[in-house]
Amino acid sequence: MENFEFCVPTHILFGKGQIEKLPDVINGFGKKVLLTYGGGSIKKTGLYDKIKELLADCEIFELSGIAPNPKVDSVREGVALCREHNIDVILAVGGGSVIDCSKGIASARYYEGDAWDMIATRAEITKALPIVTVLTIAATGSEADFGAVITNPDTNEKLALNGFPLFPKVSILDPEYTFSVPAKQTAAGSIDILSHLMEQYFVPASTYMNDLLVEAVMKTVVKYAPIAYKEPNNYEARGQLMWASTLADNATLCNGNQLVAFSCHGIEHELSAYYDITHGVGLAIVTPRWMEYVLSDKTAPKFARFGREIFNVQGDNDMESAKLTIKVLYDFFRSLGVPMSFGELGITSEHFEEMAHHAVEAEGLEYALLPLTSKDVKAIYEMCL
Ligand code: NZQ
Ligand code: ZN
């Protein structure tokens, strides 16, 4: 068991009606609020009106239109608003994209220089504005982690920023706010949760307890994703997925493991950087191919255990079970209605060389479960065609 430090300082308010606590939460930080949100789903669901009503005595400034795979221009726009209006707190209402963009704003607000320089040079983040979130989609775990991912379309880069000050101070998680998430996004979000769990399960050494904890959350996702997909208003399914999202990406389940770089995430981030595709869709396509590519006597036992525990896969030996598992996982993703090849998304091999090179460089893939070179990553992209 490895040494670790663990501190998740985000205060979670989970469940129906927790939004009523928002005024008290916000008042703890100040009156000048930057409300950040995406393309308008929060207006359709009524959440926007509810928040405006609850925060009637606050001075609210807005940054809207934050796109999926949030772009650095939105970060720049938010920084300008924070400086101009001396904002006290950022209220991020949405999914990973809105929350990540808000983390970029919160930290770049104190950075002397352009927001992209801060991200690209991996400047140490020592200070950030407080962030409060109201989560509207179960997926990334950004509601209770210290990371964010921002895209620069001018350079085709999608890069992470991390830092302790980026943990949201408070996150409101009401599963009812995810009832309106379309089936496609429900699938993509669930795949992202499962991928976070897989990335921390397929490591060189993990603890007995962590394996069991991760398996419990994986089983939960595999049970409830199809239910939420078919029955969008199923509270139990939405609630289980929402809490799984939070647990899956804030280190709760991997303390003490020997951690390695997230292979499929590293490979996927290039896809959304170049083609602006949905993160979870990219993961669905890449993951079975990555498993196939790295399958060996060394990886087969854990892949086989994953198949046995999560999908009840049976096989005469680990290698056979691992191969069956890859197929079952592929079919599971397919059953959630996501595209399962680049061809279905119009992605060709045009940029594979540079994408592969960049994935290795930016995502530390030489420190992955199976260390990957750009030649390896290119081969995996080719398997996805
Ligand atoms: O923009 P609106 O209109 O709100 O619509 C969004 C968006 O189109 C819609 N949506 C969200 N909640 C909804 C809803 N539609 C109807 N009803 C609701 N209640 O869903 C679409 C996708 O939203 P987005 O925020 O992009 O989804 P997600 O939470 O999956 O975030 C994806 C981003 O997070 C990054 C991804 O790379 C991607 O950029 N990630 C962030 C991580 C982190 N911070 O720790 C880790 C992840 O691995 C991931 O990389
Ligand atoms: Zn992810």
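Residues numbered from 1 in each chain as written. Chains lettered and ligands numbered in written order. Predicted model: local features only at pLDDT ≥ 70, side-chain atom pairs only at ≥ 80, totals over all residues. Heavy atoms only, no water.

A closer look at the coordination of the zinc ion (ligand 2)
In step 1: For the zinc ion (ligand 2), the full set of protein donor atoms is Asp-192 (OD), His-196 (NE2), His-265 (NE2) and His-279 (NE2), at a range of 1.9 to 2.2 Å.
In step 2: For Asp-192, a relative accessible area of 2% puts it in the buried group.
In step 3: On the basis of relative accessible area, His-265 is assigned to the buried category, the value being 6%. (Donors = N, O, S within 2.8 Å, 3.2 Å for Na, K, Ca; no water. Buried < 20%, exposed > 50% of the residue type's maximum accessible area, 1.4 Å probe, protein only.)

A closer look at the packing of aromatic side chains
In step 1: One pass over the full model with this rule turns up 16 aromatic pairs.
In step 2: The interplanar angle of 50 degrees and the centroid separation of 6.1 Å between the aromatic rings of Phe-332 and Phe-333 together place this pair among those described as tilted. The two residues Phe-332 and Phe-333 agree in class, both being buried.
In step 3: Grouping aromatic residues by their ring pairs yields a cluster made of Tyr-201, Phe-202, Trp-290, Phe-303, Phe-306, Phe-311, Phe-332 and Phe-333.
In step 4: Lying over the aromatic face of Tyr-224, Lys-223 brings its terminal NZ or CZ to 5.2 Å of the ring centre.
In step 5: Of note, Lys-302 hangs over the ring of Tyr-201, and the distance from its end group to the ring centre comes to 4.2 Å. (Phe/Tyr/Trp six-rings, centres within 6.5 Å; stacked < 30°, edge-to-face > 60°. Lys NZ or Arg CZ within 6 Å of the ring centre and 35° of its normal.)

A look at the site of ligand 1
In step 1: Around ligand 1 lies a shell of 32 residues, among which Gly-39, Gly-96, Ser-97, Asp-145 and Lys-158 are the nearest.
In step 2: Side-chain polar atom of His-196 to an oxygen atom of ligand 1: 2.8 Å apart, as the coordinates give it.
In step 3: Sorting the residues of the shell around ligand 1 by element identifies helix 5 (96–108), strand 6 (147–152), helix 7 (183–201) and helix 10 (263–275) as the ones contributing at least two each.
In step 4: By residue class, the composition of the shell around ligand 1 is nine nonpolar, 18 polar and five charged.
In step 5: When residues of the shell around ligand 1 are sorted by domain, at least three fall in each of domain 1 (11–178) and domain 2 (183–383). (Near = heavy atom within 4 Å. Polar contact = N/O pair within 3.5 Å; in protein donor to acceptor, adjacent residues only side chain to side chain. Helix = DSSP H or I, 4+ residues; strand = E, 2+ residues; numbered from the N terminus. Nonpolar A, V, L, I, M, F, W, Y, C, P; charged D, E, K, R; others polar. Domains from an automatic or database assignment.)

Some points on the layout of surface pockets
In step 1: By volume, the second largest pocket amounts to about 170 Å³.
In step 2: Forming the boundary of the second largest pocket are Phe-202, Val-203, Pro-204, Ser-206, Lys-298, Thr-299, Lys-302, Phe-303 and Leu-369.
In step 3: Considering only residue class, the lining of the second largest pocket consists of five nonpolar, two polar and two charged. (1 Å grid on protein atoms, 1.4 Å probe; cavity = no way out; pocket = protein on both sides within 12 Å on 5 of 7 lines; lining within 4 Å. Points joined across faces, edges and corners; volume = space filled by probe spheres on them.)

Overview of a nonpolar patch on the surface
In step 1: A cluster of nonpolar side chains, contributed by Tyr-208, Met-209, Leu-212 and Leu-213, occupies part of the molecular surface with about 450 Å² of accessible area.
In step 2: The topology assignment puts Leu-212 in helix 8 (residues 208–230). (Patch = residues over 30% accessible without salt bridge, like charges linked within 9 Å, V, L, I, M, F, W, Y side chains within 5 Å. Areas by Shrake-Rupley, 256 points an atom, 1.4 Å probe, with all protein chains shown as cover. Salt bridge = Lys/Arg side-chain N within 4 Å of Asp/Glu carboxyl O.)

Side note on helix 13 (residues 318–335)
In step 1: Between its first and last C-alpha atoms helix 13 spans 25 Å; for 18 residues at 1.5 Å apiece the expected length is 26 Å, and the two agree.
In step 2: Residues of helix 13 that are buried include every one of Ser-321, Ala-322, Thr-325, Ile-326, Leu-329, Phe-332 and Phe-333, and no others. Down the axis, helix 13 shows its buried residues gathered within 145 degrees of arc, on one side only.
In step 3: Among the structural elements, helix 7, helix 8, helix 11 (279–294) and helix 12 (300–311) are those in contact with the buried residues of helix 13.
In step 4: Measuring from the backbone nitrogen of Met-319 back to the side-chain oxygen at the start of helix 13 gives 3.2 Å, which picks out Asn-317 as the cap. (Expected span 1.5 Å × (residues − 1). Arc of directions from axis to C-beta. Contact = heavy atoms within 4.5 Å.)

What about unusual backbone geometry?
In step 1: If you check the backbone angles, Ala-251 has positive phi at about 75 degrees while not being a glycine.
In step 2: Mapped onto the secondary structure, Ala-251 falls in the loop between helix 9 (235–248) and helix 10.
In step 3: Under the relative-accessibility criterion, Ala-251 is labelled partly exposed at 30%.

Side note on the side chain of Ser-245
In step 1: Inspection of the secondary structure assignment puts Ser-245 in helix 9.
In step 2: Relative accessible area serves as the criterion here: at 0%, Ser-245 is assigned to the buried category.
In step 3: At a separation of 2.7 Å, a polar atom in the side chain of Ser-245 contacts the side chain of Glu-143.

Focus: the nonpolar core
Nonpolar side chains in soluble globular proteins generally cluster together in the buried interior.
In step 1: Residues Trp-290, Phe-306 and Tyr-381 are the most contacted members of the largest nonpolar core, which totals 104 residues.
In step 2: Residues lining this core come from more than one domain, with at least three contributed by each of domain 1 (11–178) and domain 2 (183–383).
In step 3: What Tyr-381 contacts, discounting residues up to four positions off in sequence, is Ile-267, Glu-270, Leu-271, Phe-342, Phe-352, Met-355, Ala-356 and Ala-359.
In step 4: Judged by nonpolar contacts, the second largest core, of 23 residues, contains Val-25, Leu-35, Ile-42 and Val-170. (Core = buried A, V, L, I, M, F, W, Y, C linked by side-chain atoms within 4.5 Å.)

What to know about the domain arrangement of the protein chain
In step 1: According to the domain assignment, the protein chain contains domain 1 (11–178) and domain 2 (183–383).
In step 2: The centre of domain 1, based on its C-alpha atoms, is set 26 Å off from the matching centre of domain 2.
In step 3: Domain 1 puts 27 residues into the contact, and the matching count from domain 2 is 26 residues.
In step 4: Buried surface at the junction of domain 1 and domain 2, summed over both partners, amounts to about 2200 Å²; 59% is from carbon and sulfur atoms.
In step 5: Along the contact surface separating domain 1 from domain 2 lie one salt bridge.
In step 6: For Lys-71, the salt bridge goes to Asp-276, with nearest N and O atoms at 3.3 Å.
In step 7: Seen at the junction of domain 1 and domain 2, the total is 10 residue pairs in polar contact (both at pLDDT 80 or more). (Buried area = accessible area lost by both parts, 1.4 Å probe.)

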